[in-house]
Amino acid sequence: MKIYISGLYSGTNPQPGIGIARSLRAAYPTATLVGVEYSNRCSGIHWQDFDDIWLQRPWEEINLDAHAADIKKVLDSGALWISSIDLEIMWMANVFPDGHPNLLTPPRAALEAVAKPAIRASTGLPVKISPFVTTDLSDWDLHAFCREHDWKVWLKGPYYDAVKTRSWGEFQDMRGALSGAWSTENLFLQSHVSGYEESVSFCAYRGELLDLVQMRKRDLTELNKTWAGDVAKVSETFAAPLREVVRRLNWTGGAELEMVRDADNQLWLIECNPRFPAWIHGATITGCNIPARLVEGATGVAAMKTAPIAAEFTRVVLEVPVRPEYPLSPLPEPLNGAIGHSLKHPSGLLQFANRLHKLETDASVQNGDGETTKPQAAQVPDTFIEDLESVDFAEIQTPASLFFKNTAAELFEKAAALAGELSTDEIKVSNAYSMKTNPDERLVKLALESGFYSEAISLLEVQKAIQVGFRPEQVILNGPGKWWRKDEALPKESLYSVFCDSTEELSQVVEAVKNGELKTKTLGVRLRTPNIRSRFGIPIDTPEVFQTLVEAVRDLPGECGFGVHFHMASANVGIKQWWHLFESMLRWCCSIEALSGRAVEILDIGGGWFPEDLQKNSGEQFRRAIKLIPEFLPHVREIISEPGKALAQPSMAMAMQILEIRSFAGGTQEVVVDGSIAELPMHFFYPHRILCQDAANGEWKSLSRGRTQLLGRLCMEHDIVASNIALPETAQVGDVLVFCDAGAYDRSMSYVFGRG
Ligand SMILES: *Cc1c(COP(=O)(O)O)cnc(C)c1O
């Protein structure tokens, strides 16, 4: 018996070749095992269980046709081939579309059915698949997906590679890196599932499930790879449907289903690998030799039984002698300024992936559905276009901020309407416009006309609100530095509400109210969010501060109502997490109420919402939250939200003109514009939808992703206002590009720079 085993890499993210060899050696002591590798730097070639090593040229150099012919000869001679390299398995599925009796890898159609992320083959198994999107979606929609899933998302490559991207910047960087490495835009973004990782490994021959085993990861490496695990039999509720799946797919070879079990005991399928896992010998130790069962099933030659030694396994690092015929490679050229040299996977798999891409005309093995879609452009509301149509571009000097009058009016109207709809007989829902987000008079006026309060973080903002027409009793004062320039700017009349940022401030404000220096209808505190880091508010999760807070609240002047404020940007922490925080805040408030004896009358939930997130599904989540309040805080009579960017962001855009177009071989372009990050300081934090006028019919169109970079006019390395966009072919110097979604901090925090 002769068995070829490929995939011998044995670093900290190992391939399974060594484990397969150890297991087969135990079952077939006299078989000839040939290790196949594509680099002499894979340390597994020195493993003693291999009788011979078949060393090939690295993947980027190898003559694939000649290699295919050699493998066919090997298989025809009666030897078996067990591949443990995903890409080699895919390539072999193309070389042997009808399989080969001695090739122990799955057929092409089966590979398509287990392709990530949809994993069609999982139908019938008691598993779920976590929500995902492909990255052909517009940046705008990808950002929404990340917010919805609390920025706990994985960006995944077509074969390997998965990175957690916790912010928009990180996402953009990693997308660039992965797209470049795999030369594809076909990545996907999948929501993280929290829980314990476990796997089922099985083997099958021509559609018959031969054996299977379950392993729970008990210890992980830095790369989340198994370091120790426990092994058990697979329950029949899982095995029975799996048997069906294997039959349906006509599976041959090893496999691993990687899963996560969540707190509700639900299994989530993360990946289905078309090969044995690297820990497979850990199962053999427990008496379950899956590779041997595969060989037995394929050849009919009985394997020696492996005696169970333990139910758990762990790993160690071993030193092994280097085979004299394959001495270590010489040291690399001295240093070149680099520090040391690392043992990255050396056999050129990335380059092989790129070669495979070029071979695969229909790309169906990678994305599972056989379609390569064009990146989609973001949708924009009709009011953007209406507003743009009233702009006379001949009259304005770019870069120019454009006020979207209809858009802004509609936003405020909708927010006011939602507050009205959500209000109940017991609890009134109100809005307070955050002045700092964009103090433009037109927006402040809209807030006033829509029945909002004005929310200010400084007395100068209070003055501005009053100038525009707010009465002091419609003003909420917040933030850590609200008494800045108190002597000149504090209104004499009563404010609506003051929220103190510390217990120190609270005692000073109580003093000021008692001696008549300050008047306010409600007095409250801002609570620091527990578990999510924040510099604001009173940190309630230390007993000492909590005690001080409770005592101070007991002491509040009787004529003021008591309110509680918290603020954490849902745009940053994610929507689910925000509502979770809301509930935990209700519990904290409930304790404060019980211990201080003062009832919370006003609950102010701050801002930080991305446009439309709060209104999602007609504010369904908000409605549920309001229902929840009386359970915890029966005396709350008003809930205030403080939208800033949710209203201001879509209300303005930044128009800029093309100054120069530079085209490079291969279709990439760099385009210099007269705008810059000085006018779009939020460019790094979230995507902006970009509109451009069609040269033929003048219609405004949203740009999709492509290979053009927009360079700002500033002589600064980081002044790139958009990367990866597609400009129309007709674009020329002088054309106007409109960056939407620039009405919040882009506007208020823009700065004058490079203008002499
Ligand atoms: C800044 C701020 C807001 C508004 O935040 P946005 O991110 O613009 O929605 C609301 N409340 C307070 C206290 C703020 O400081």
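Notes on the structure follow. Bear in mind that the values here come from a model prediction, so they are computed numbers and not experimental data.

## Some words on helix 18 (residues 543-554)
With twelve residues, helix 18 ought to run about 16 Å at 1.5 Å a step, and its terminal C-alpha atoms sit 17 Å apart, in line with that. Those residues of helix 18 lying buried are F546, L549, V550, A552 and V553. Along the long axis of helix 18, the arc covered by the buried residues comes to 165°, so they all point the same way. With respect to the buried face of helix 18, the exposed residues turned more than 90 degrees away are P543 and E544. Packing partners of the buried residues in helix 18 comprise helix 17 (503-514), strand 20 (520-528), strand 21 (538-539), strand 22 (561-565) and helix 20 (575-596).

## Describing the site of the ligand
Around the ligand there are 15 residues in total, and K436, T437, G608, E642 and Y745 lie nearest to it. The side chain of E455 places a nitrogen or oxygen atom 3.4 Å from a nitrogen atom of the ligand. At 3.3 Å, a side-chain N or O of H567 approaches a nitrogen atom of the ligand. About the coverage of the ligand: the protein hides 93% of its 390 Å² of free accessible area. When grouped by side-chain class, the residues that make up the shell around the ligand number three nonpolar, eight polar and four charged.

## Some remarks on the environment of L603
When you line up the elements, L603 lands in strand 23 (residues 602-604). Sequence separation between L603 and D487 is 116 residues, and the spatial gap between their C-alpha atoms is 29 Å.

## Some thoughts on the pairing of strand 8 (residues 188-191)
Going residue by residue along strand 8, you find F188 and Q190 tucked away on one face and L189 and S191 tucked away on the opposite face as well. Across three bridges, the pairing between strand 5 (residues 132-134) and strand 8 is antiparallel. Residue pairing across strands places F132 opposite Q190, the latter belonging to strand 8. One ladder, built from four bridges, connects strand 6 (residues 153-156) with strand 8; its direction is antiparallel. The residue bridging K156 from the neighbouring strand is F188, located in strand 8.

## With respect to the packing of aromatic side chains
Two aromatic rings, taken as a pair, are described by how far apart their centres are and by the angle between their planes. Applying the stated criterion across every chain yields a total of 28 aromatic pairs. On the basis of an interplanar angle of 75° and a centroid distance of 6.4 Å, the ring pair of F132 and F188 is categorised as edge-to-face. Of this pair, F132 sits in strand 5 while F188 sits in strand 8; the two residues are 56 residues apart in sequence, bridging distant segments of the chain. Looking at F132, the relative accessible area reads 31%, which means it is partly exposed. Relative to F753, the ring of Y751 has its centre 6.1 Å away and its plane inclined at 80°; by these criteria the two rings are edge-to-face.

## Re unusual backbone geometry
The linkage connecting K116 with the following residue, P117, adopts the cis geometry, with an omega of -5°. Of note, P117 is situated in the loop between helix 4 (108-113) and strand 5. In this model, T398 is joined to P399 through a cis peptide bond whose omega is -5°. Phi is positive for R485, close to 60°, though the residue is something other than glycine. Looking at where R485 falls in the secondary structure, it is placed in the loop between strand 18 (475-477) and helix 16 (486-489). Accessibility expressed as a relative area gives 38% for R485, which makes it partly exposed. With a phi angle near 80°, E612 is a residue other than glycine that sits in the positive phi range. Checked against the element boundaries, E612 lands in the loop between strand 23 and helix 21 (616-632). Its relative accessible area of 56% is what places E612 among the exposed residues.

## Considerations on the pairing of strand 9 (residues 196-205)
Burial analysis of strand 9 places eight of its ten residues in the buried class, the great majority of the element. In this sheet, strand 10 (residues 208-220) lies alongside strand 9 in antiparallel orientation, the contact comprising eight bridges. In the strand pairing of strand 10, S201 is matched with V213.

Cut-off values and rules
Residues numbered from 1 in each chain as written. Predicted model: local features only at pLDDT ≥ 70, side-chain atom pairs only at ≥ 80, totals over all residues. Heavy atoms only, no water. Helix = DSSP H or I, 4+ residues; strand = E, 2+ residues; numbered from the N terminus. Expected span 1.5 Å × (residues − 1). Buried < 20%, exposed > 50% of the residue type's maximum accessible area, 1.4 Å probe, protein only. Arc of directions from axis to C-beta. Contact = heavy atoms within 4.5 Å. Near = heavy atom within 4 Å. Polar contact = N/O pair within 3.5 Å; in protein donor to acceptor, adjacent residues only side chain to side chain. Areas by Shrake-Rupley, 256 points an atom, 1.4 Å probe, with all protein chains shown as cover. Nonpolar A, V, L, I, M, F, W, Y, C, P; charged D, E, K, R; others polar. Pairing = 2+ DSSP bridges. Phe/Tyr/Trp six-rings, centres within 6.5 Å; stacked < 30°, edge-to-face > 60°.

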